Amino acid sequence: MSTYTFIACRASGTIEVHALDAERGTLRRLTVVDGVDGVSTLAFDHDRAILYAGRGGEQPLLGVFTVVAGGRLEHRGDFELPHSAAFISFDGDGLLIASYHDSAVTRLPLDDDGLPTSSRPVFDDTTAGKNIHCIVPTRDGRHVYATALGSDTIVAYRRGEEGEAALVRLEDTVVEPAGEGPRHLVVSPDGARVGVVTEMGGHVYAYDRDAESGALSFTGGAPIAERADLLVRGVARVAGGAPVPERPIWAAELRQARGGELWVATERTASTLSVLRAGAKPSRTSRVVTEERPRAAAVSPAGDLILVGGETSSHVSVYRVDAEGQLELTQRIETGGNPAWFAFQRVD
């Protein structure tokens, strides 16, 4: 079995294809796709081996690629998006898109070939909250959750029934205290729990999920910043917003490892990667200083390798995380500028 790793390098406008050696915990670059200006987020359709790439710019675009022999990417086309994309999730016969700058939740329908289609309406919600940063579907197919960083809320939707829109918004969950800024979230494999990292507060919070109603109930949280980091409460990075302090809390990514038993989170000012025991009351198991300004992180399909990209280091570090939540660096590799997102494909 082979595992391909796709790395979106935003500053270079490239997508790199690497072979991931799961036993050694190393990457080996195979090819580089140029001309993908503004690429910043990726999503993958495993059944059809299609990679989707969100691209910024004056006109936001969706690049569509098919993975062919040897992990090479065949460009299928670029399609206009209604909003800029901070986060994309594959959703069966559609793509879920979170727009930070346009404060929108979008569901873009796909045809049988995995391309955007006009045969079904685009779902577009521009009233969900400010600065939508992440959007994730649940495995049971019942609900979709998004983070509204500027509104301190987790936005929930249920699937629309016949005659309804594709998504129907439910009651929001407020993330407290105010000003924490929920950024990224994960849904546990069994669907019973949602974890959220707050950008300006630097906490990972846990919520129980009601599988029927979609409602979330707060259960506990843990900080990823330490007193020795000398950080202060962060601010939202928006046009006309408050001045950014010298050393603000600036958390970024949240992913789950080892079958959902662990959560991993990054913080950009102190350049740290934290591992937490997932559960009703998360607890940190380890923390390391990692790539400079680590915005992007991802966990390999096997669940035991963590990839971290540095916004300003142009490198990716690979760590193995054990069952106790301890980290071991297995490789550091140079990449294109600002490795901003990862996606994986397993091939038999």
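For the structure itself, look to the data block above.
Residues numbered from 1 in each chain as written. Predicted model: local features only at pLDDT ≥ 70, side-chain atom pairs only at ≥ 80, totals over all residues. Heavy atoms only, no water.

(A) Fine view of the nonpolar core. Judged by nonpolar contacts, the single largest core of 45 residues is most densely connected at Phe-6, Ile-15, Leu-42, Leu-51, Leu-73 and Leu-185. Once residues within four sequence positions are removed from consideration, Leu-73 is found in contact with Phe-6, Ile-15, Val-17, Val-33, Leu-51, Phe-65, Thr-66 and Val-67. (Core = buried A, V, L, I, M, F, W, Y, C linked by side-chain atoms within 4.5 Å. Buried < 20%, exposed > 50% of the residue type's maximum accessible area, 1.4 Å probe, protein only. Contact = heavy atoms within 4.5 Å.)

(B) Geometry of the pattern of salt bridges. This structure, assessed with the given rule, holds 24 salt bridges. Note that Arg-284 and Glu-226 form a salt bridge whose closest N and O atoms lie 2.4 Å from each other. Pair noted here: Arg-284 is in strand β24 (residues 283-289) and Glu-226 is in the loop between β20 (216-223) and β21 (251-257), with a separation of 58 residues, a long-range link. In the salt-bridge network here, residues are joined through shared partners; they are Asp-91, Asp-93, Arg-107, Arg-120 and Arg-159. (Salt bridge = Lys/Arg side-chain N within 4 Å of Asp/Glu carboxyl O. Helix = DSSP H or I, 4+ residues; strand = E, 2+ residues; numbered from the N terminus.)

(C) Seen up close, the sheet that holds strand β29 (residues 339-347). The sheet built from four strands is open, its strands ordered β3-β2-β1-β29 with antiparallel pairing. If you trace the sheet from one side to the other, it starts and ends with β3 (26-33) and β29, each paired once. Sheet twist, expressed as the mean angle between neighbouring strand axes with direction ignored, is 25°. Where strand β1 (residues 2-9) lies against β29, eight bridges are found, and the strand directions are antiparallel. Each residue of the ladder has a partner; that of Thr-5, found in β29, is Phe-344. (Pairing = 2+ DSSP bridges. Axes fitted to C-alpha atoms, helices over the stretch in contact; angles between N-to-C directions.)

(D) Layout of the sheet that holds strand β27 (residues 315-321). Within the open sheet, the four strands sit side by side as β25-β26-β27-β28. Their pairing is antiparallel. One side of each edge strand has no neighbouring strand; the edge strands of this open sheet are β25 (294-299) and β28 (327-334). With strand direction ignored, the average angle separating the axes of adjacent strands in the sheet is 20°. Of the pairings in the sheet, the one linking strand β26 (residues 305-310) to β27 comprises five bridges and is antiparallel in character. In the strand pairing of β27, Val-308 is matched with Ser-317.

(E) Region of the structure containing the environment of Val-168. Position of Val-168 relative to the elements: it lies in strand β15 (residues 167-169). The class for Val-168 is partly exposed, based on a relative accessible area of 21%. On a C-alpha basis, the gap between Val-168 and Asp-125 in space is 9.8 Å, while along the polypeptide they are 43 residues apart. Setting aside its immediate chain neighbours within four residues, Val-168 contacts Ala-156, Tyr-157, Arg-158 and Gly-160.

So yeah, pure geometry; function would need other evidence.
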